[in-house]
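Listed below, chain by chain, are the residues.
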Amino acid sequence: MQKQLEEIRRGALSAISSAGSGVDLEALRVKYLGKKGALTALLKQMGALSPQERPKMGQLANQVREDLSSAIARQAEILSQKALDARLASEVLDVTIPGTKVPVGHKHPMSIVLEEVEDIFAGMGFQIAEGPEVELSDYNFTKLNTPEGHPARDWQDTFYLSEDSSVVLRTQTSPVQVRVMERQKPPIRIISHGRVYRKDEVDATHSPMFHQIEGLVVDKGVTMADLKGTLEVLVRRLYGKDAKIRFRPHHFPFTEPSCEVDVQCFECQGEGCRVCKGEGWIELLGAGMVHPKVLEGCGIDTEVYSGFAFGIGVERLTMRRFSISDLRLIFENDVRFLTQF
Ligand code: DAH
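About the thresholds
- Residues numbered from 1 in each chain as written.
- Predicted model: local features only at pLDDT ≥ 70, side-chain atom pairs only at ≥ 80, totals over all residues.
- Heavy atoms only, no water.
- Axes fitted to C-alpha atoms, helices over the stretch in contact; angles between N-to-C directions.
- Helix = DSSP H or I, 4+ residues; strand = E, 2+ residues; numbered from the N terminus.
- Parallel < 35°, antiparallel > 145°, perpendicular 65-115°, else oblique.
- Left-handed = near helix turned anticlockwise from the far one by under 90°.
- Contact = heavy atoms within 4.5 Å.
- Nonpolar A, V, L, I, M, F, W, Y, C, P; charged D, E, K, R; others polar.
- Near = heavy atom within 4 Å.
- Polar contact = N/O pair within 3.5 Å; in protein donor to acceptor, adjacent residues only side chain to side chain.
- Areas by Shrake-Rupley, 256 points an atom, 1.4 Å probe, with all protein chains shown as cover.
- Buried < 20%, exposed > 50% of the residue type's maximum accessible area, 1.4 Å probe, protein only.
- Pairing = 2+ DSSP bridges.

Novice: Outline the packing of helix H5 (residues 109–123) against helix H8 (residues 224–239), supporting the account with residue identities and numerical values.
Specialist: Between H5 and H8, the least distance of the axes is 10 Å, while the angle of their chain directions is 135°. Here H5 lies oblique to H8, going by the angle between them. Both H5 and H8 take part in a crossing whose hand is right-handed. In contact with Glu116, Val117, Ile120 and Phe121 of H5, H8 contributes Thr230, Val233, Leu234, Arg237 and Leu238. Classifying every residue of the contact of H5 with H8 by side-chain character gives six nonpolar, one polar and two charged.

Structure below.
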């Protein structure tokens, strides 16, 4: 029996040490140590041994069982180490290989200009106000001293959203002036930007949707000189300190007096060229002293307060700022164009 035990041990140990996988190893464990395994089968014959031999064989059998168990555990360890090595080798990662660059977007030229303008006005103490794009005609027109029948209210120019013409897509950001004055007492110093809508055909300088920046200042003793000073700061900061502006008389229903402001052509310094269509000047914005009727409609005492306002076309500002010749480029979202800024 001793010989058989030794044989089992020898055979099993060599089989275990050459087992190539966990499955093989488990099969060997069953084969030698399992309930129906070789060792168990042998131990069943113990009864036939003499009482002297029995404890000796029992001891040897236990020894063999332990040897095989630990050999299996050792081989399992070796196999899992090998598997790990193989995995590490196959998943090797070279951190020195250059990565794939993910293209990162950047600000739209309009946003760049808008943020510059907001920054300039914030520096002068202006706050940012907001108003709705779907606006009441009352705010878009009436409260801005543009009564029923005024040509600016023409169906040809305005997108009306209701049959009775009481709701419009705002044609200007000026209604924000009224909304601010109705809820805030002077001193008021705000700018407000956003989309406005007019029934224009799309061409190089027109779009049925465009953007404006509205400005409003109401306080004691505000004069046209404050308007001029404020706009000069804007233009110098935007276009450089040599930029020149001029004020031309104009008419807006909600300002009195009203003016338009031109900036000297950046291309020809006022000589007259293709960019300024020979004028030497480029129109930038509309402005004026807020009409007393508008102030009073908002409950502001015109004996005490006065104000100025202005409205700037943001597309125009952007086109000048980056020398963009066609308005449509701004809205087409062609990355070949947009990545240039
Ligand atoms: N709302 C005018 C327009 O769209 C621009 C404008 C002119 C705004 C004079 C003003 C202003 O605030 O005072 O043409």
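Novice: Quick rundown of the site of the ligand? Include the residues and the values.
Specialist: With respect to spatial proximity, 15 residues lie near the ligand, and among them Gln172, Gln177, Arg198, Gln212 and Glu214 are the closest. At 2.8 Å from a nitrogen atom of the ligand is found a side-chain nitrogen or oxygen belonging to Gln172. In this structure, Ala309 approaches the ligand through a main-chain N or O atom, which is 3.1 Å from an oxygen atom. In isolation the ligand has 360 Å² of accessible area, and contact with the protein removes 91% of it. Contributions of two or more residues to the shell around the ligand are made by strand S5 (209–220), strand S8 (281–290) and strand S9 (305–313).

Novice: Describe in detail helix H10 (residues 314–322), supporting the description with residues and values.
Specialist: For H10, the full list of buried residues reads Val314, Glu315, Leu317, Thr318, Met319 and Arg320. In this fold, the buried residues of H10 make contact with H5, S5, H8, S8, S9 and helix H11 (328–332). Remark: Ser323 follows H10 within two positions and exhibits a positive phi of approximately 50°.

Novice: Could you give an account of the sheet that holds strand S1 (residues 127–128), naming the residues involved and the relevant values?
Specialist: One open sheet accounts for seven strands, arranged S1-S4-S5-S9-S8-S7-S6; its pairing is mixed. At either end of the open sheet lies a strand with only one pairing partner, and these are S1 and strand S6 (245–252). Across eight bridges, the pairing between strand S7 (residues 255–264) and S8 is antiparallel. The partner of Cys259 across the bridge, within S8, is Ala287. This element, helix H7 (residues 175–183), spans strand S4 (188–197), S5, S8 and S9 of the sheet and lies at about 40° to S5. On top of the sheet, H10 reaches S5, S8 and S9; it is set at about 60° to S9, its chief contact.

Novice: Provide a residue-level description of the pairing of S8, including the pertinent values.
Specialist: For a regular strand, side-chain orientation follows a simple rule: the groups alternate between the two sheet faces. Counting buried positions along S8 yields nine of 10 residues, so the element is predominantly enclosed. Here S8 runs beside S9; their pairing, made up of five bridges, is antiparallel. Residue pairing for S9: Leu285 is matched across the bridge by Ile312.

Novice: Got a sec to walk through the side chain of Thr255? Specific residues and values, please.
Specialist: By the element assignment, Thr255 lies in strand S7. The class of Thr255 is buried, set by a relative accessible area of 2%. Among the polar contacts made by the side chain of Thr255, one reaches the side chain of Ser258 at a distance of 2.6 Å. Setting aside its immediate chain neighbours within four residues, Thr255 contacts Ala287, Gly288, Met289, Val290 and His291.

Novice: Describe unusual backbone geometry, with residues and values.
Specialist: A negative phi angle is the norm for most residues apart from glycine, just as the trans form is the norm for most peptide bonds. A cis amide bond links Pro186 to the next residue, Pro187, at an omega of 5°. By the element assignment, Pro187 lies in the loop between H7 and S4. A cis amide bond, omega 0°, links Glu256 with the succeeding residue Pro257. Positive phi outside glycine occurs at Asn145, with the angle close to 60°. Phi is positive for Asn333, which is not a glycine, with a value near 55°. Here Asn333 is to be found in the loop between H11 and helix H12 (335–338). On the basis of relative accessibility, which here comes to 51%, the residue Asn333 falls in the exposed class.

Keep in mind these numbers describe shape, not what the thing actually does.
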